[in-house]
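Observations on the three-dimensional arrangement
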Amino acid sequence: MNAEQKQVIMTRCLALARKGWGRTHPNPMVGAVIVENGEIVAEGWHEEAGRDHAEVTALKNLGRLPKPGAVLFCTLEPCSTSGRTGPCTEAIIQAGLRHVVIGTQDPNPDHSGIGLEWLKDHGVTVETRILVDQCEDLNLIFNHWVTTKLPLFAGKIATTIDGKIATRNGESQWITGSGSREDVMRWRRLFPAIAVGAGTVLSDQPRLTARMEGEEEWSPIRFVFDGLLRTAMDVDLPALYTDEFSERTVVVTSSQAGTGYARRIESGGARVWVLPSENTQVPIAAFRERCATEEIVGVYFEGGPRLLSEIIRERQLDYLFSYRAPLLFGDDRAPSVVRGLRTEKLMHGLRLEHVRHETFDGDELMRGSMVFPNRLNVDEALFGDR
């Protein structure tokens, strides 16, 4: 089997893995196939945490022992430890497989490479790094969680060519087109939680659910950052606090907010997290720690600009999705997406790495990991008092 054929088969494994999109947390998405005489004879993917892993599912779907010379392809290193399911390495050996091809190693430093060595010690030939970039990109959230023990904080922005998010009069729907909005729904379905600021709730009344063609509407955990609980000051509570998904809504506030407003929110079915704070600003680092405690492995921040700017100022943004429309305002009074930094030199600019690009009906998506300056003098220049 040549390199091109292996890539074609691994591409199929990736497609299978994506069938678990948003359903496997805190586990990774994984796809696997069994190949005999160059043909795929069985497939499997990890459907959700607690159920069989992809390799075991493929073996069960085969319904018999693999033929001599059969090859197992999988997107991620087979596990070698027991959790709610047994180790996949043992299942591979017991099935008589003697050749395994994987996309990428397990990023967990406690497990990485152990499964591969165990297979090799039991006479299995192992090939690695087939479509490794795609296999690593598949599990952005899992990779961050197992390496840092913290949730992945990702921001989403939608701007004009010149970085504007609305006209000077506040008109913003819709800067980007339907293709970009459909892609946003796809990422909403992946992340276990989504977050917006109080201003977004009050002005837009968003539903913050994933609505994808052919699937039922799904609600992630919906976080609203509201340091003073001003979203509870109107006569009617926002729909987020009382709709059919209200139990999945969490208002994150500071210890400066009124307890009466908190009780009012909770009476509608939503929850309130009160985080200790010396002012009305919700501390992002404390929020991240609370999410880690609750095993919320990723949060997708959609807005607004004030919240996103604060996350960046606190150096808490890990990843950015930037949608850009083929539209130009050229208006100094039109609001920009991020504010409050002091960028005096090119070296002070924040950058993305491991960048990936896609297009949607003319819109461009650039996404990648945030890179913050790490030199002290740069930090002081960029994040210091303004």
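Here we summarise the structure given alongside this text. In this numbering scheme, every chain counts its residues from 1 along its sequence in written order. Predicted model: local features are reported for residues with pLDDT of at least 70 only, side-chain atom pairs are reported and counted for 80 or more only, and whole-chain, interface and lining totals are derived from all residues. Remark: hydrogens and water are excluded; side-chain values derive from all non-hydrogen atoms of the structure.

1. Overview of the nonpolar core
Joining through side-chain atoms within 4.5 Å is the link that ties buried Ala, Val, Leu, Ile, Met, Phe, Trp, Tyr and Cys residues into a set, and such a set is a nonpolar core. A simple rule labels every residue: compare its accessible area, found with a 1.4 Å probe on the protein chains alone, to the largest value its type can have, and call it buried under 20%, exposed over 50%, or partly exposed in between. Membership of the largest hydrophobic core comes to 52 residues, with the highest contact counts inside it found for Phe73, Phe191, Tyr300 and Phe321. Here a strand is any run of E in DSSP of at least two residues, a helix any run of H or I of at least four, and the numbering for each starts at the N terminus. By residue number, the principal contributor to this core is helix H1 (residues 3-17), which donates six residues.

2. Focus on the environment of Gly258
Looking at the secondary structure, you find Gly258 in the loop between strand E9 (249-254) and helix H9 (259-267). Placed 77 residues apart in sequence, Gly258 and Pro335 show a C-alpha to C-alpha distance of 31 Å.

3. Here we look at the packing of aromatic side chains
Put simply, two rings from Phe, Tyr or Trp (the six-membered ring, in Trp's case) pair if the centres are within 6.5 Å, and we call them stacked under 30 degrees between planes, edge-to-face over 60, tilted for the rest. In the structure shown here, the tally under the stated rule is 15 aromatic pairs. Their ring planes at 85° and their centres at 5.6 Å tell us that Tyr300 and Phe321 sit as a pair that is edge-to-face. Here Phe321 lies in strand E12 (residues 319-324) and Tyr300 lies in strand E11 (residues 298-303), a separation of 21 residues in the sequence. Phe321 shares its class with Tyr300; the two are buried. Geometrically, a charge over a ring is one whose NZ (Lys) or CZ (Arg) sits within 6 Å of the ring centre while staying within 35 degrees of the ring normal. Between Arg186 and the ring centre of Trp187, over which it is positioned, the NZ or CZ distance is 4.9 Å.

4. Overview of the environment of Gln5
Within the secondary structure layout, Gln5 lies in helix H1. Owing to a relative accessible area of 41%, Gln5 belongs among the partly exposed residues under this scheme. As a C-alpha pair, Gln5 and Thr160 span 155 residues in sequence and 41 Å in three-dimensional space.

5. Thoughts on helix H10 (residues 284-293)
All buried positions along H10 are accounted for by Ile284, Phe287, Arg288, Cys291 and Ala292. Considered in projection along H10, the buried side chains sweep an arc of 140° and stay on one side of the axis. Note on H10: the residue one or two positions beyond its end, Glu295, has a positive phi of about 60°. The arc in question is the one spanned by the directions pointing from the helix axis to the C-beta atoms.

6. Some points on the pairing of strand E7 (residues 193-197)
Most of E7 sits out of view: five of its five residues are buried. Neither face of E7 is exposed, since Ala193, Ala195 and Gly197 on one face and Ile194 and Val196 on the opposite face are all buried. For two strands to pair, DSSP has to find at least two bridges joining them. Sheet topology note: the E7/strand E8 (residues 221-225) ladder contains five bridges and is parallel. The residue bridging Ile194 from the neighbouring strand is Arg222, located in E8. Convention used here: a crossover is right-handed provided that the path from the first strand, over the helix, to the second strand proceeds clockwise when the strands point away from the viewer. Considered for its hand, the β-α-β crossover made up of E7, helix H8 (residues 198-204) and E8 is right-handed. When E7 meets E11, the two strands line up parallel, connected through four bridges. Note on E11: the bridge partner recorded for Ala195 is Phe301.

7. Comments concerning the pairing of E8
With five of its five residues buried, E8 lies for the most part within the structure. Because side chains alternate across E8, one face comprises the buried residues Ile221, Phe223 and Phe225, and the other comprises Arg222 and Val224, equally buried.

8. What about the pattern of salt bridges?
Here a salt bridge means any side-chain nitrogen of Lys or Arg lying within 4 Å of a carboxyl oxygen belonging to Asp or Glu. Taken as a whole, this structure holds 21 salt bridges when the rule is applied. Between Glu302 and Lys156 there is a salt bridge whose closest N-O contact spans 3.6 Å. Within this pair, whereas Glu302 is found in strand E11, its partner Lys156 is found in strand E6 (residues 152-159), the two being separated by 146 residues in sequence. Pair check on accessibility: Glu302 and Lys156 agree, each one buried. A salt bridge links Asp243 to Arg222, with the shortest nitrogen-to-oxygen separation between them at 2.8 Å. On the criterion of sequence distance, the pair formed by Asp243 in the loop between E8 and E9 and Arg222 in strand E8 is long-range, its members being 21 residues apart. Overall, Arg222 belongs to the buried group, its relative accessible area being 0%. What emerges from the salt-bridge pattern is a single network uniting Arg207, Glu217, Arg222, Asp243 and Glu244.

9. Here's the deal with the sheet that holds strand E2 (residues 39-45)
Pairing within the open sheet is mixed, and its five strands lie in the order E2-E1-E3-E4-E5. Here the strands that pair on one side only, and so sit at the sheet edges, are E2 and strand E5 (125-127). Here the strands of the sheet are splayed against their neighbours by 20° on average, with no regard to which way each runs. Pairing of strand E3 (residues 71-76) with strand E4 (residues 99-104), which is carried by four bridges, proceeds in the parallel orientation. Note on E4: the bridge partner recorded for Leu76 is Thr104. Inter-axis angles, ranging from 0 to 180 degrees, are taken between N-to-C directions of lines fitted to C-alpha atoms, where helices are fitted over the stretch in contact.

10. Digging into unusual backbone geometry
Omega for the peptide link from His25 to Pro26 comes to 5°, which places this bond in the cis form. Along the chain, the position of Pro26 falls in the loop between H1 and strand E1 (31-36). Of note, the phi angle at Leu131 is positive, near 50°, even though the residue is not glycine. You can see Leu131 is positioned in the loop between E5 and helix H5 (132-138). What makes Leu131 buried here is its relative accessible area of 15%. Positive phi is not limited to glycine here, since Asp361 has a value of about 50°.

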